[in-house]
Amino acid sequence: MTIKQFLQSKIFRCIAVLLCIALISGGLLAILNDLWAVDDEILIQRGIESVCGKGVNLKQVISQETIEYESGSVQQVLLLDTNEYLIKALGKHGFQEGNVSVYVLFALDGSKYAVKNVAVADYSSSQTLMSKITDTGLSKFVGLSEQTNINPSEIATGASYSSTAIKNAVNSAIEYMQTINMEG
Amino acid sequence: MSTIFLIIIVAAFINNAVLVQCYGICPFLGVSKKMGNALGMGLAVTLVMAITCLVTFPIYNYVLIPLGLEFLEIIVFIFVIAALVQMLEKVIKKFMPPLYNAMGIYLPLITTNCAVLGVAETVMDTTAMETIFHLSQGQFNVGHAVIYGIFLGLGFTLAICLMSGLRDKVDKLEMSKHLKGFPITMATASFMAMAFYVFALVRI
Amino acid sequence: MTGSKFKEIAKNGILVNNPTFRLVLGTCPTLAISSSVFNSLGMGLAVTFILICSNIIISALRKVIPNEVRIPAFILIIATFVTVVRMFLYRYVPSLYKSLGVFLPLIVVNCIILGRAESFASKNPVLDSAADGLFTGIGFTLAITLIGIVREVLGAGAFLGYKLWDFSIDYFGNTAGAFLVYGLMIAGFNALYEKFENNRKRRNYIEEMRASSLAIEAGETKATEKVEEKKEA
């Protein structure tokens, strides 16, 4: 088969069409991937909006390291321009040992601090009943400054494991506040 | 060893492909009329799942991530699966004719089976898998992925075979003509799913 | 495209060939995602968007793509649009991205989209294909949202995330409930469809009878007129 014959054959046409479509779609996706990239800044801003609503901005990132506690860990500590602390904490022992991470907002008043708001940030895919966690349930944490032993059924009926993980996360965040408060 | 046992239990029962995660409902409803067909379909899916895990896991973690091409994942996976199924069909036809007679006709259907693409998408997310199986970071490897694929496929086989056994009896019952076919099969599947839901309550 | 063809495509997509209730295609996302109205709507809109886009492109390229490689080419086009939707949701609607989870990439293997590409878009002009994609998508969205409403109201006692009452049956939030609700809805839709079909047949029959009796009457009058004409003659 000569090159000319090959160029006119059906096989060449098939390959050429497929390659063209693949190249065009690959290029399109590469451009969109750059255009719609999600970086840390957007993630932090998204977290702030989920807890405080719009109009609040980041003042300072205090810590990005994971600090392990007994039943959870603190992943991120942020200081907002309203002088409130926002802590992203992860709670263990959810449904099928999955995790739930939450944003906990602390209002500061001199050396005193108290939970002002809680919002779910992320959860592992095994947490199938997360739709049962509502704002009313999460508002049970508001005002706390000590670790709580709240009954999971008070947060959400029917999703007790996921609620336990949320409770663990909030407790870890409170524990972090206690330690930095003691230090100064 | 305990990790492997955990993976087997999770893949086959707790995350049962059909009755818990809703993968592969089309063959579950379509090919479950006779036990023989159901078994052939189930084993074909298991084989393809195992090979898919073996191939897509390294492709994603050792090729796409280092190159920063994660966004091409869907296209790459579906093409790898389609090519694998084609090759598998040729190989089985040539070297194992009895096996081809048993499950060859189901192989082309598997390309567009969500269970296969679903398992590829599940196992490639190593962080999620490590949380479920209590592994530390970087410990989930190809071997684990393949075991997960095989037993997810066997869980699918179990569900589809049980269904064909039940349909043998259910289809003979007298009922309104509107309930016949899909509706009554789905109602039966609902009861099976309730039974499998009990596995989800096991603390692992 | 004429109005009557447009009407026929709409009727086919939403009622006669409703992908979810009549053809029972794309069952996996229907069962897995329909636990809440918001997710159902999101899934439905995503599928509708992908259906319209892929139908347009496939129909525009239908003379370029060789017959032998049409299925890989269709899958390639569909997969591209699925990836676009996935990136868009990750950037702008993260909550929906999270709750659709693995079923978002699985839209690629949704039989509805490949089915429409193969049976309609690869044979018809662009505008018709776009309309077909739109109405098939609407049919799917309506069906999955209907299941979503039933499951959310019964399973979580809520509608679109707003709590209605404290009463809820967990069964409907699980896969098991999804199977039952979907099955019963297929049965109900079949019964309704048959009733409409029977009514239509009866109406057609009555109209036919009326037409034929009119024809007979007309024939009779003609005949009598002829007789009278003869008499007069």
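Note that the coordinates shown come from a computational prediction; the quantities given were computed from them, not determined experimentally.

Draft legend 1. Molecular detail of the pattern of salt bridges. The full count for this structure, using the stated rule, is 12 salt bridges over all chains. Of the charged contacts, one joins E68 of chain C and K10 of chain A as a salt bridge, the two residues approaching to 3.5 Å between their closest N and O atoms. Of the two residues, E68 of chain C is situated in the loop between α3 (37-60) and α4 (70-92) and K10 of chain A in helix α2 (residues 10-35); the pairing between them involves two chains. Salt-bridge contacts for E68 of chain A lead to K92 of chain A; the nearest nitrogen and oxygen are separated by 3.3 Å. Here E68 of chain A, found in strand β2 (residues 67-68), pairs with K92 of chain A, found in the loop between β4 (85-91) and β5 (100-109); they are 24 residues apart in sequence, far enough to count as distant. Of the residues examined, E68 of chain A reaches a relative accessible area of 52% and is grouped as exposed. With relative accessibility at 27%, the residue K92 of chain A sits in the partly exposed group. Members of the salt-bridge network, linked through shared partners, are E73 and E121 of chain B together with R86 of chain C.

Draft legend 2. Local environment of the domain arrangement of chain A. Domain annotation for chain A reports domain 1 (3-35) and domain 2 (40-183). The gap between the C-alpha centroids of domain 1 of chain A and domain 2 of chain A is 49 Å.

Draft legend 3. The interface of chain B and chain C, seen in detail. Counting residues at the interface gives 34 residues for chain B, matched by 35 residues for chain C. Carbon and sulfur atoms supply 80% of the area that chain B and chain C bury against each other, a total of about 3,000 Å² over both sides. Area buried by chain B at its contact with chain C is led by I74, H178 and M186 of chain B, which between them contribute 20% of it. In this structure, the connection of chain B to chain C is made through three salt bridges. Residues E194 of chain C and K177 of chain B are paired through a salt bridge, measuring 2.8 Å at the closest nitrogen-oxygen approach.

Draft legend 4. Region of interest: helix α1 (residues 2-14) of chain B. For α1 of chain B, the full list of buried residues reads T3, L6, I7, V10, A11, A12 and I14 of chain B. The elements touched by buried residues of α1 of chain B are α8 (126-132), α9 (142-170) and α10 (182-200) of chain B.

Draft legend 5. Local environment of the interface of chain C and chain A. Contact residues are listed per partner, giving 24 residues for chain C and 22 residues for chain A. At the boundary of chain C with chain A, total buried surface from both sides reaches about 2,100 Å², with 71% on carbon and sulfur atoms. Interface area lost by chain C to chain A is led by M87, R91 and K98 of chain C, which between them contribute 27%. In this structure, the connection of chain C to chain A is made through two salt bridges. The interface formed by chain C and chain A holds eight residue pairs in polar contact (both at pLDDT 80 or more) in total.

Draft legend 6. Highlighting the environment of E154 of chain A. Tracing the chain through its elements places E154 of chain A in helix α5 (residues 152-155). For the pair formed by E154 of chain A and L138 of chain A, sequence separation is 16 residues and the distance between their alpha carbons is 9.3 Å.

Draft legend 7. Representation of the nonpolar core within the structure. Grouped together as the largest cluster of nonpolar side chains are 127 residues, with contacts concentrated most on L19, F28, V123, F133 and Y148 of chain B together with I107 of chain C. The element contributing the most residues to this core is α4 of chain C, with 13 residues. Those residues in contact with Y148 of chain B that sit more than four places away from it in its chain are I7, V10, A11, N15, Q21, V119, T122, V123, M129 and F133 of chain B. With 29 residues, the next largest nonpolar core counts V100, V118, V170 and A173 of chain A among its residues.

Draft legend 8. Region of the structure containing unusual backbone geometry. The phi dihedral of H93 of chain A is positive, around 60°, even though this residue is not glycine. You can see H93 of chain A is positioned in the loop between β4 and β5. Residue C22 of chain B is not a glycine yet carries a positive backbone phi of 60°. Position of C22 of chain B among the secondary structure elements: in the loop between α1 and α2 (25-30).

Draft legend 9. View of the packing of helix α3 (residues 35-67) of chain B against α9 of chain B. All names here are of chain B. Closest axis-to-axis distance for the α3/α9 pair is 8 Å, and the angle between their directions is 165°. In terms of axis orientation, α3 runs roughly antiparallel to α9. The two elements α3 and α9 meet at a crossing, and its hand is right-handed. Considering only residue class, the contact of α3 with α9 consists of 21 nonpolar, six polar and no charged.

Calculation rules
Residues numbered from 1 in each chain as written. Chains lettered and ligands numbered in written order. Predicted model: local features only at pLDDT ≥ 70, side-chain atom pairs only at ≥ 80, totals over all residues. Heavy atoms only, no water. Salt bridge = Lys/Arg side-chain N within 4 Å of Asp/Glu carboxyl O. Helix = DSSP H or I, 4+ residues; strand = E, 2+ residues; numbered from the N terminus. Buried < 20%, exposed > 50% of the residue type's maximum accessible area, 1.4 Å probe, protein only. Domains from an automatic or database assignment. Contact = heavy atoms within 4.5 Å. Buried area = accessible area lost by both parts, 1.4 Å probe. Polar contact = N/O pair within 3.5 Å; in protein donor to acceptor, adjacent residues only side chain to side chain. Core = buried A, V, L, I, M, F, W, Y, C linked by side-chain atoms within 4.5 Å. Axes fitted to C-alpha atoms, helices over the stretch in contact; angles between N-to-C directions. Parallel < 35°, antiparallel > 145°, perpendicular 65-115°, else oblique. Left-handed = near helix turned anticlockwise from the far one by under 90°. Nonpolar A, V, L, I, M, F, W, Y, C, P; charged D, E, K, R; others polar.

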